[in-house]
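Residue-level structure breakdown
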Amino acid sequence: MQYDEQLSLLRIEWASGADTRTLRQSAEQLLVLDRELGVRNLLFNMNTFPDISVYDQVWLGVSWMPGIVKLPLERVVLVNHRHRVHNQLAIDSLLAMFRSIIRFDIQYFPQPEPGLQWLADYSARLPELQAEWDAVFGPGLVQAGSLEAPHRHQPERL
């Protein structure tokens, strides 16, 4: 996870591999964190997330989506490569259920970098943020971790 206060941008990436036992707890923590920070721009990289189970999809629709649509979000990027069809269909069905009450713009990107550019309006801060991310995780490197309160400009992964 990486947070930039100036851009009100939160970047999230799953780092627990195929183990989704902490998905619900992490998703609930994300709601609390978003509320506390008043995040307006959110990037969630689904490329590192395993296929969403039917049970988790139901839970997300019943318990999590009602909270996410109440956040002060303005723009959301969902990074999902076109080969990740299962998650694309799962996400599309969740969004369809809440389409009439979603107030923020949602865009799909196959990789994080173009999504970050769109979220941050091509800010000159992006090279610095990407360098911080790469310094901690390396390009494409996933480390185990958990969702914790972010430090200014300190990237972490879920």
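Just above sits the structure.
All of the points below concern the structure found in this document.

About the cut-offs
- Residues numbered from 1 in each chain as written.
- Predicted model: local features only at pLDDT ≥ 70, side-chain atom pairs only at ≥ 80, totals over all residues.
- Heavy atoms only, no water.
- Helix = DSSP H or I, 4+ residues; strand = E, 2+ residues; numbered from the N terminus.
- Expected span 1.5 Å × (residues − 1).
- Contact = heavy atoms within 4.5 Å.
- Buried < 20%, exposed > 50% of the residue type's maximum accessible area, 1.4 Å probe, protein only.
- Pairing = 2+ DSSP bridges.
- Right-handed = clockwise from strand over helix to strand, strands pointing away.
- Axes fitted to C-alpha atoms, helices over the stretch in contact; angles between N-to-C directions.
- Patch = residues over 30% accessible without salt bridge, like charges linked within 9 Å, V, L, I, M, F, W, Y side chains within 5 Å.
- Areas by Shrake-Rupley, 256 points an atom, 1.4 Å probe, with all protein chains shown as cover.
- Salt bridge = Lys/Arg side-chain N within 4 Å of Asp/Glu carboxyl O.
- Arc of directions from axis to C-beta.

Further remarks concern helix α1 (residues 23-37). If you check α1, its first and last C-alpha atoms are 21 Å apart, about what 15 residues at 1.5 Å a residue would give, namely 21 Å. Next to the buried residues of α1 lie β2 (9-13), β3 (41-45) and α2 (54-68). Where α1 ends, the next residue or the one after it, Gly38, has phi of about 65 degrees, a positive value.

This part covers the pairing of strand β4 (residues 75-79). Side chains on a regular strand alternate between the two faces of the sheet. Counted residue by residue, β4 has five buried out of five residues, so it is predominantly covered. Of the two faces of β4, the one carrying Arg75, Val77 and Val79 and the one carrying Val76 and Leu78 are both buried. Judged from the five bridges that link them, β3 and β4 form a sheet pairing that is parallel. Across the sheet, Leu43 pairs through a bridge with Val77, a residue of β4. Taking the sense of rotation as the criterion, the β-α-β connection linking β3, α2 and β4 turns out right-handed.

The subject of this paragraph is the sheet that holds β4. Spatially, five strands are ordered β1-β2-β3-β4-β5 in an open sheet, and the strand pairing comes out mixed. Unpaired on one side and paired on the other, β1 (2-4) and β5 (105-109) mark the two borders of the sheet. The average undirected angle you get between the axes of adjacent strands in this sheet is 15 degrees. Two strands pair when backbone bridges link them, and β1 and β2 are joined in this way by three bridges, in the antiparallel orientation.

A surface patch of nonpolar side chains, amounting to about 290 Å² of accessible area, comprises Val54, Val58 and Val62. With respect to the helices and strands, Val58 occurs in helix α2.

Take helix α4 (residues 112-119) next. Of the positions making up α4, those classed as buried are Pro112, Gly115, Leu116 and Leu119. Each buried residue of α4 sits inside an arc of 100 degrees when the element is viewed along its axis, so together they form one side. Summarising the contacts, the buried residues of α4 are in contact with β2, β3, β4, β5 and α5 (126-137). Backbone geometry just after α4 places Asp121 at a positive phi near 50 degrees.

Below, the discussion takes up the environment of Glu28. Within the secondary structure layout, Glu28 lies in helix α1. Sequence separation between Glu28 and Leu60 is 32 residues, and the spatial gap between their C-alpha atoms is 9.9 Å. Every residue in contact with Glu28, bar those within four places of it in the chain, is listed here: Trp59 and Trp64.

Treat this as a map of the structure, not an account of what it does.
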